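Spelled out from the first residue to the last, the chains are:
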Amino acid sequence: MTDEETIARERIERLQSMAREAVREGRDERAREYVRRARRIAERHRLRLPRDFSHSICRSCDTFLVPGNNARVRTQSGHVVVTCDCGEQARYPYA
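Residues numbered from 1 in each chain as written. Predicted model: local features only at pLDDT ≥ 70, side-chain atom pairs only at ≥ 80, totals over all residues. Heavy atoms only, no water.

Notes on the sheet that holds strand β3 (residues 89–93)
Taking strand neighbours across the sheet as the criterion, the three strands line up as β1-β2-β3 in an open arrangement whose pairing is antiparallel. With partners counted over all chains shown, the strands left at the sheet margins are β1 (71–76) and β3, one partner each. Averaged over neighbouring strand pairs, the angle between their axes works out to 20° when direction is ignored. Sheet analysis places strand β2 (residues 79–84) next to β3, joined by five bridges and oriented antiparallel. Counterpart to T83 in the pairing with β3 is Q89. (Pairing = 2+ DSSP bridges. Helix = DSSP H or I, 4+ residues; strand = E, 2+ residues; numbered from the N terminus. Axes fitted to C-alpha atoms, helices over the stretch in contact; angles between N-to-C directions.)

If you want it as structure tokens, here you go:
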């Protein structure tokens, strides 16, 4: 792994924690900007977002999802279905 990739991964992790903290404080628009910036860094460096981060963001509106706050989580026939307030659904197998 090159130095640029290492720095990019560190920045993505930092943006994830900042987005989580912003949602906790009620600053949803700020959290959305952090998510957009992390996705942009991952695209630029051709990296995947960490699984726990990618499963906690909405792909359509870039919201950092918090179950019970702005997301609904249900289990359905071997999958976890996460529904954002915007109506977008994401399905993940049990892991």
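Concerning the layout of surface pockets
Roughly 310 Å³ of volume is contained in the largest pocket. Around the largest pocket, the lining residues are R39, A42, E43, L47, R48, L49, R51, S54, H55, I57, R59 and Y92. Looking at the lining of the largest pocket, the elements with two or more residues in it are α2 (28–44) and α3 (51–54). Per element, the largest residue contribution to the lining of the largest pocket is three residues, and it comes from α2. (1 Å grid on protein atoms, 1.4 Å probe; cavity = no way out; pocket = protein on both sides within 12 Å on 5 of 7 lines; lining within 4 Å. Points joined across faces, edges and corners; volume = space filled by probe spheres on them.)

Some details on the nonpolar core
I12, F53 and F64 are the most contacted members of the largest nonpolar core, which totals 17 residues. By size, the runner-up hydrophobic cluster in this structure holds eight residues, among which are C58, C61, A71 and V82. (Core = buried A, V, L, I, M, F, W, Y, C linked by side-chain atoms within 4.5 Å. Buried < 20%, exposed > 50% of the residue type's maximum accessible area, 1.4 Å probe, protein only.)

Some details on the pattern of salt bridges
As enumerated under the stated definition, the model contains six salt bridges in all. Note that E33 and R36 form a salt bridge whose closest N and O atoms lie 3.1 Å from each other. Linking E33 with R36, this pair stays in helix α2, spanning three residues, or about one helical turn. Judged by its relative accessible area of 38%, E33 falls in the partly exposed class. Classification of R36 as partly exposed rests on a relative accessible area of 35%. Several salt bridges converge on common partners, so that one network encompasses E33, R36, R39 and D62. (Salt bridge = Lys/Arg side-chain N within 4 Å of Asp/Glu carboxyl O.)

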